[in-house]
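Structure assessment
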Amino acid sequence: GHGKCDCGKCKCDEGWYGEACQYPTTCNLTRKKSNEMCKNSQDIICSGAGTCQCGRCKCANSEGNGLVYGKFCECDDRECIDDETEEICTGHGKCYCGNCYCEAGWHGDKCEFQCDITPWEIKKRCTSPDGKICSNRGTCVCGECTCHDVDPTGDWGDIHGDTCECDERNCKAVYDRYSDDFCSGHGQCNCGRCDCKEGWTGKKCEHPRSCPLTVEESAKKCQGNSNLPCSGRGRCECGQCACFPPGDNRVHGKNCECDDRQCENVDGDVCGGHGICSCGRCICQDGWFGKLCQHSRKCNMTEEESRSLCESADGILCSGKGSCHCGKCICSPEEWYISGDFCECDDRDCDKHDGLICTGNGVCSCGNCECWEGWTGNACEIWLGREYP
């Protein structure tokens, strides 16, 4: 929006420069504010691979090859170049953000090794009984599946089998994600299926046979308006919910439907200090708005200044998925999954466990889970503490 395209190259308007006319020649930001906007999730300015210019990263591509890129210069495709051939992924794959994705029949960090069996045989050996490659829970290399294991102890862990067809996580009760107590402690887990001890029943052996309610009646009483019993945040036993983690009063309600952790940002601030939390939703003070009361209604910027800070590197205002207010993008509320400083992220990409994004133990940040203290795993499904939080 700050120039014209001429034969594939941008001719920038006065006051703008860069290959996409994304940088203003004069900056109204302080150096501190600019650097804050350029920090990645590890608080490193432009990932140490570029310079910060008015709140936007300019990646170091000394040879003009464009191999270093990303909002924070976090992608370095030079990592994909083979030392011997000097080709990207040895010519047998494609590079995405510094990682090689190999063609069928090739493997290795840089696709440098060829398999000794045909691509057809490779696919056949890695196909699980449900017709998926490594059950969508592993990586196929030359006909053998390497399962995406989540066990931090180094054992074979929860996912195993020749085609990763066994997922022991299916045996864990929702409220016991952070323990090794499979099948609610009342059964044996066999390839992701619970075989219950006498006196217990249910998919995860969670229901005592002495209960006057059936499994279905118990689950219905615990379900409320959620798709999962106890909103996926507690243990349902004989129609009663016990919310987890034990002793954490931020999760409450008859069906554990209130999760006040959702009012906290990554730093643990409740409603940004500008509101109160009510059943997992922020009620903002006058003069503030937003999901976490993070936006001030007052603005000391001109419309032009505000818009310049809301434009992504490609010159589009809030990626076309939100509106601009005082130099910050407010993403479309109709599309809950859109997030990011420029509404460039799709939070549907965040990992789930038991149907819950980030397992309810963290927040989704630009398609990746940022776990609360004590939790880890791609979906924040692993509790690392010795005792319950």
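Under an unreviewed UniProt entry, the protein chain has the name Integrin beta-like protein 1 and belongs to Hemiprocne comata. Comment text from UniProt for the protein chain, heading Subcellular location (unreviewed entry), reads "Secreted".

Within this structure, the stated rule accounts for 32 disulfides. There is a disulfide in this structure between Cys115 and Cys142, and the S-S distance comes to 2.0 Å. With the S-S dihedral at roughly -80°, the linkage between Cys115 and Cys142 falls on the left-handed side. Taken together, the residues Cys115 in the loop between strand 12 (113–114) and helix 2 (119–126) and Cys142 in the loop between strand 13 (138–141) and strand 14 (144–147) connect sequence positions 27 residues apart.

On the surface, Asp83, Glu84, Glu86, Asp109 and Glu112 cluster together to form a negatively charged patch. With respect to the helices and strands, the residue Glu112 is situated in the loop between strand 11 (106–107) and strand 12.

It is worth spelling out the pattern of salt bridges at this point. Using the criterion set out here, one finds 13 salt bridges in the structure. One salt bridge connects Lys71 with Asp341, and the closest N-O pair in it is separated by 2.9 Å. With a gap of 270 residues between them, Lys71 in the loop between strand 7 (68–69) and strand 8 (75–76) and Asp341 in the loop between strand 31 (338–339) and strand 32 (345–346) connect regions that are remote in the sequence. The closest approach of N and O atoms between Arg235 and Glu237, which form a salt bridge, is 3.6 Å. Exposure remark for Arg235: the relative accessible area of 29% places this residue in the partly exposed category.

What follows deals with the nonpolar core. Ranked by size, the top nonpolar core spans nine residues in total: Cys38, Cys46, Ala49, Cys52, Cys57, Cys59, Val68, Phe72 and Cys73. In this structure, Cys52 is in contact with Ser34, Asn35, Cys38, Ile45 and Cys46, ignoring residues within four places of it in sequence. Counting eight residues, the second largest nonpolar core, distinct from the first, contains Cys318, Cys329, Tyr337 and Ile338.

Quick look at the confidence of the model for the protein chain now. When the pLDDT values of the protein chain are averaged, the result is 83; 93% of them are 70 or greater. Looking over the protein chain, one finds the lowest element-wise mean pLDDT in strand 38 (residues 382–383), namely 68, and the highest in strand 25 (residues 275–278), namely 95.

Below, the discussion takes up the pairing of strand 22 (residues 240–243). With four bridges connecting them, strand 21 (residues 234–237) and strand 22 associate as antiparallel partners. Residue pairing across strands places Arg235 opposite Ala242, the latter belonging to strand 22. Taken together, strand 21 and the strand that follows it, strand 22, pair antiparallel across an intervening segment of two residues, in which Cys238 is found at a positive phi of about 55°.

Further remarks concern the packing of aromatic side chains. Scanning the entire structure with this criterion turns up one aromatic pair. Each ring, one from Tyr96 and one from Tyr101, has its centre 5.6 Å from the other, and the planes form 65°; the classification is edge-to-face. We classify Tyr96 as partly exposed; its relative accessible area is 49%. The cationic tip of Arg348 hangs over the ring face of Tyr337; the distance from NZ or CZ to the ring centre is 3.6 Å.

With that settled, consider unusual backbone geometry. One non-glycine residue, Ser184, adopts positive backbone phi at about 55°. With respect to the secondary-structure elements, Ser184 resides in the loop between strand 16 (166–167) and strand 17 (187–190). The exposure class assigned to Ser184 is buried, which follows from its relative accessible area of 7%. Even without a glycine there, the phi angle at Cys293 is positive, about 50°.

This brings us to the domain arrangement of the protein chain. Many authors give the size of an interface as the accessible area that is lost as the parts come together. Segmentation of the protein chain into domains returns domain 1 (3–73) and domain 2 (350–383). Each of domain 1 and domain 2 has a C-alpha centre, and the two are 31 Å apart.

Taking the UniProt record as the reference, the feature "domain: EGF-like" (unreviewed entry) is found at residues 79–112, 125–165, 170–206, 262–294 and 349–381. For residues 79–112, helix accounts for 0% and strand for 29%, while the C-alpha atoms at its two ends are 14 Å apart.

Cut-offs and rules
- Residues numbered from 1 in each chain as written.
- Predicted model: local features only at pLDDT ≥ 70, side-chain atom pairs only at ≥ 80, totals over all residues.
- Heavy atoms only, no water.
- UniProt positions renumbered as here; feature names shortened; annotations may be inferred.
- Disulfide = S-S within 2.5 Å.
- Helix = DSSP H or I, 4+ residues; strand = E, 2+ residues; numbered from the N terminus.
- Patch = residues over 30% accessible without salt bridge, like charges linked within 9 Å, V, L, I, M, F, W, Y side chains within 5 Å.
- Areas by Shrake-Rupley, 256 points an atom, 1.4 Å probe, with all protein chains shown as cover.
- Salt bridge = Lys/Arg side-chain N within 4 Å of Asp/Glu carboxyl O.
- Lys, Arg positive; Asp, Glu negative; His and termini not counted.
- Charge placed at Lys NZ, Arg CZ, Asp CG, Glu CD.
- Buried < 20%, exposed > 50% of the residue type's maximum accessible area, 1.4 Å probe, protein only.
- Core = buried A, V, L, I, M, F, W, Y, C linked by side-chain atoms within 4.5 Å.
- Contact = heavy atoms within 4.5 Å.
- pLDDT = per-residue confidence, 0-100.
- Pairing = 2+ DSSP bridges.
- Phe/Tyr/Trp six-rings, centres within 6.5 Å; stacked < 30°, edge-to-face > 60°.
- Lys NZ or Arg CZ within 6 Å of the ring centre and 35° of its normal.
- Domains from an automatic or database assignment.

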